[in-house]
Amino acid sequence: MNSAGHSEATAPRGLELTPFRGLRYDPDRVGSLAAVTSPPYDVVVRPDGLHHLQDADPHNIVRLILPQATTPAARNEQAADTLRGWLSEGVLSADPEPALYVYEQRHADGMLQRGLIGTLRVSEPSEGIVLPHEDVMPHIVEDRAALMRATHANLEPLLLTYRGNGTAAEIVDRAAERPPLLSTTTEDGYSHRLWSITDPTETARVLADLADHQALIADGHHRWATYLRLRAEHPSPSPWDHGLVLLVDTARYPLRVRAIHRLLHGFPVADALAALDGLFRVRRLDVPLPQALDALADTACAGNGFLLAGDGAFHLVDRPDPALLDRTIPAGFPEAWRTLDATVLHATLLDHIWRIPEDDPTRIAYIHDTAATVGKAERDGGTAVLLHPVREEVVRDLARQGVTMPRKSTSFGPKPASGLVLRALDI
């Protein structure tokens, strides 16, 4: 026994990434690999985006990750039937041997990201191996869990980061010198390439390196919470002990961190601004979106700042009344958490001033795309709330302290394209 009273067998073991037999599309059975991919399920928020993906190819992955039917049970059954059909028809097939997959995304703007796709041992936050930094919404976890139960599959990897720059990163880069298993370019301008690592010696060296590290959930908190729920439902050992992830070493390949914006349904900008009178400084900006975002960025060093839009202009909201923050921001948290824009937005603006529940989809939506948030607010008469991004080191430091940020506080990217490699739990 160690000093904490736990045996070595139950002590945290670090990151355990396992090879698996990936399910991949047969290029000869689909229009193109680009046409069957999709952004992650929670990025496909607009019906027109969903329909565009469905129309791109009859086998687009969105038909699995976001099936369309009248009831949740029917949607999940539809996804399971679709997956079984594609497997029996050979549209999807399993690779012949287990592998770790090296995944690369590259853009003409200079962005290059490489990481490892594998199945990671699921661990509780208390183990300090995989660190969440945001809370989750129970109804979304249940929705994802029901889909995974029905399909018996992990349909898309979540995105994790770690800081290593060691043996695993070297093996990743060496693999990328070989001809890829697949290569495609999606309409967002990103090129995607995939390689497999099947050599037992290389795999063992990767696993040994990763065993000394912990990871931060960059994107996919709800999917990780779903993995935890499903593991708890199945006696160990079982395939549910592991979940599909993309693990990126940000010491070598830094991610971009962007904000996730809020759209307040049925809440006109005039009403939002009237409620702020005397509590925040408000300035109207009759400028295009890029200049408005520059003005928002200029407030980052001085304190909290937000952009409100939806009435044809932008309104820069900053300099909150310190007494208001003292009354509304919960005590007992690190100062880095208490001063986050997302904290002030949720605790002060949404909860205290505007009285809008953060988990009511009829009142609030979370949207990654800035222009789409503004455009929808203007069309629907709502209010768009645009936020600053949060630096990765702030996110990681809070996560290491066990402090979660308000949900949907960050958007790390680029996110892995869904549809390039899937995992069936019974293969």
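Look up a bit, the structure's there.
Quick notes on the rules
Residues numbered from 1 in each chain as written. Predicted model: local features only at pLDDT ≥ 70, side-chain atom pairs only at ≥ 80, totals over all residues. Heavy atoms only, no water. Helix = DSSP H or I, 4+ residues; strand = E, 2+ residues; numbered from the N terminus. Rg over C-alpha atoms; globule rule 2.2 N^0.38 Å. Buried < 20%, exposed > 50% of the residue type's maximum accessible area, 1.4 Å probe, protein only. Contact = heavy atoms within 4.5 Å. Phe/Tyr/Trp six-rings, centres within 6.5 Å; stacked < 30°, edge-to-face > 60°. Axes fitted to C-alpha atoms, helices over the stretch in contact; angles between N-to-C directions. Nonpolar A, V, L, I, M, F, W, Y, C, P; charged D, E, K, R; others polar. Pairing = 2+ DSSP bridges. Core = buried A, V, L, I, M, F, W, Y, C linked by side-chain atoms within 4.5 Å. Expected span 1.5 Å × (residues − 1). Salt bridge = Lys/Arg side-chain N within 4 Å of Asp/Glu carboxyl O. Polar contact = N/O pair within 3.5 Å; in protein donor to acceptor, adjacent residues only side chain to side chain.

Draft legend 1. Inspection of the overall build of the protein chain at higher detail. The secondary structure content of the protein chain amounts to 14 helices and 21 strands. Whereas a compact globule of 427 residues would reach a radius of gyration of roughly 22 Å, the protein chain reaches 22 Å, a difference of no more than 12%. Overall, the C-alpha framework of the protein chain stretches about 65 × 60 × 40 Å when taken along its three principal axes. For the protein chain, with 427 residues in total, the buried portion stands at 54%. Within the protein chain, residue pairs in contact and separated by at least 24 positions form 79% of the contacts whose partners lie at least 6 positions apart.

Draft legend 2. Quick look at the packing of aromatic side chains. Counted by the stated rule, this structure contains five aromatic pairs. Geometrically, the ring pair formed by Y25 and W86 is tilted, given 6.1 Å between the ring centres and 50° between the ring planes. Placement of the pair is Y25 in strand β2 (residues 23-25) and W86 in helix α3 (residues 72-89), with a sequence separation of 61 residues. Its relative accessible area of 5% is what places W86 among the buried residues.

Draft legend 3. Representation of the packing of helix α5 (residues 167-175) against helix α6 (residues 200-210) within the structure. Between α5 and α6, the least distance of the axes is 8 Å, while the angle of their chain directions is 140°. Seen from α5, the contacting residues are T167, A168, I171 and R174; seen from α6, they are E202, R205, V206, D209 and L210. Its residues placed into classes, the contact of α5 with α6 shows four nonpolar, one polar and four charged.

Draft legend 4. Quick peek at the sheet that holds strand β16 (residues 305-309). Read across the open sheet, the six strands follow the order β15-β17-β16-β19-β14-β18; overall the sheet is antiparallel. The open sheet has two edge strands with one neighbour each: β15 (281-285) and β18 (364-367). Each adjacent strand pair in this sheet contributes to an overall mean axis angle of 25°, direction not counted. Pairing geometry for strand β14 (residues 261-264) and β18, over four bridges, is antiparallel. Bridge pairing links H261 to I367 in β18. Set on the sheet, helix α12 (residues 341-354) makes contact with β14, β16, β18 and β19 (383-386); between it and β16 the angle comes to about 55°.

Draft legend 5. View of the nonpolar core. The biggest cluster of nonpolar side chains holds 116 residues, and the ones touching the most others in it are W224, F306 and W354. Residue contacts for W224: discarding those within four places in its chain leaves L120, R121, V122, S123, V130, L158, I217 and V245. L296, L316, A372 and L386 belong to the second-largest nonpolar core, a separate cluster that totals 15 residues.

Draft legend 6. Quick look at α3. Compared with the 26 Å implied by 1.5 Å per residue over 18 residues, the 26 Å span of α3 between its first and last C-alpha is a close match. Taken together, the buried positions of α3 are N76, A79, A80, L83, G85 and W86. If you follow the buried residues of α3, they end up packed against β2, α2 (62-65), β3 (92-94), α4 (138-151) and β7 (153-154). Immediately beyond the C-terminal end of α3, within one or two residues, lies G90, with a positive phi of roughly 85°.

Draft legend 7. Seen up close, α4. The end-to-end C-alpha separation of α4 is 20 Å, in line with the 20 Å expected for 14 residues at 1.5 Å each. By the burial criterion, the buried members of α4 are I140, V141, R144, A145, A146, L147, M148 and T151. As for α4, its buried residues are in contact with α2, α3, β7 and α7 (221-233). Immediately beyond the C-terminal end of α4, within one or two residues, lies H152, with a positive phi of roughly 55°.

Draft legend 8. Just the environment of A169, in detail. Tracing the sequence through the fold places A169 in helix α5. A relative accessible area of 6% means that A169 is categorised as buried. Counting along the chain gives 79 residues from A169 to V248, while the straight-line C-alpha distance between them is 8.9 Å.

Draft legend 9. Spotlight on the pairing of β19. By the alternation rule, side chains of β19 split into T383 and V385 and A384 and L386, which are all buried. Relative to β19, β14 runs antiparallel, the two being bridged by three bridges. Bridge assignment links R262 to a residue of β19, and that residue is V385. Bridge count between β16 and β19: three bridges; the pairing is antiparallel. Within the sheet, the bridge partner assigned to L308 lies in β19 and is V385.

Draft legend 10. Expanded view of unusual backbone geometry. Look at the link from S236 to P237: it is a cis peptide, with omega at 0°. When you line up the elements, P237 lands in the loop between α7 and β12 (242-249). Looking along the chain, the bond that leaves G413 and enters P414 is cis, with omega of 5°. The backbone phi angle of R319 is positive, close to 50°, even though this residue is not glycine. Locating R319 in the fold gives a position in the loop between β17 (314-318) and α10 (322-328). Owing to a relative accessible area of 58%, R319 belongs among the exposed residues under this scheme. Of note in this structure, R355 is not a glycine but carries a positive phi near 55°. For R355, the location among the structural elements is in the loop between α12 and β18.

Draft legend 11. Fine view of the pattern of salt bridges. Following the criterion strictly, the structure yields 25 salt bridges and no others. Here D219 ties to R223 by a salt bridge, and the two come within 3.2 Å at their closest N and O atoms. Here D219 matches R223 in class, with each residue buried.

Draft legend 12. Expanded view of the side chain of N304. Residue placement: N304 occurs in the loop between α9 (289-298) and β16. A polar contact is formed between the side chain of N304 and the backbone oxygen of T339, at a distance of 2.9 Å. Polar side-chain contacts of N304 include one of 2.9 Å to the side chain of D341. With near-sequence residues (within four places) excluded, N304 lies in contact with V317, D318, R319, P320, L325, T339, L340, D341 and V344.

Interpretation note: all reported values are geometric properties and have no functional meaning in isolation.
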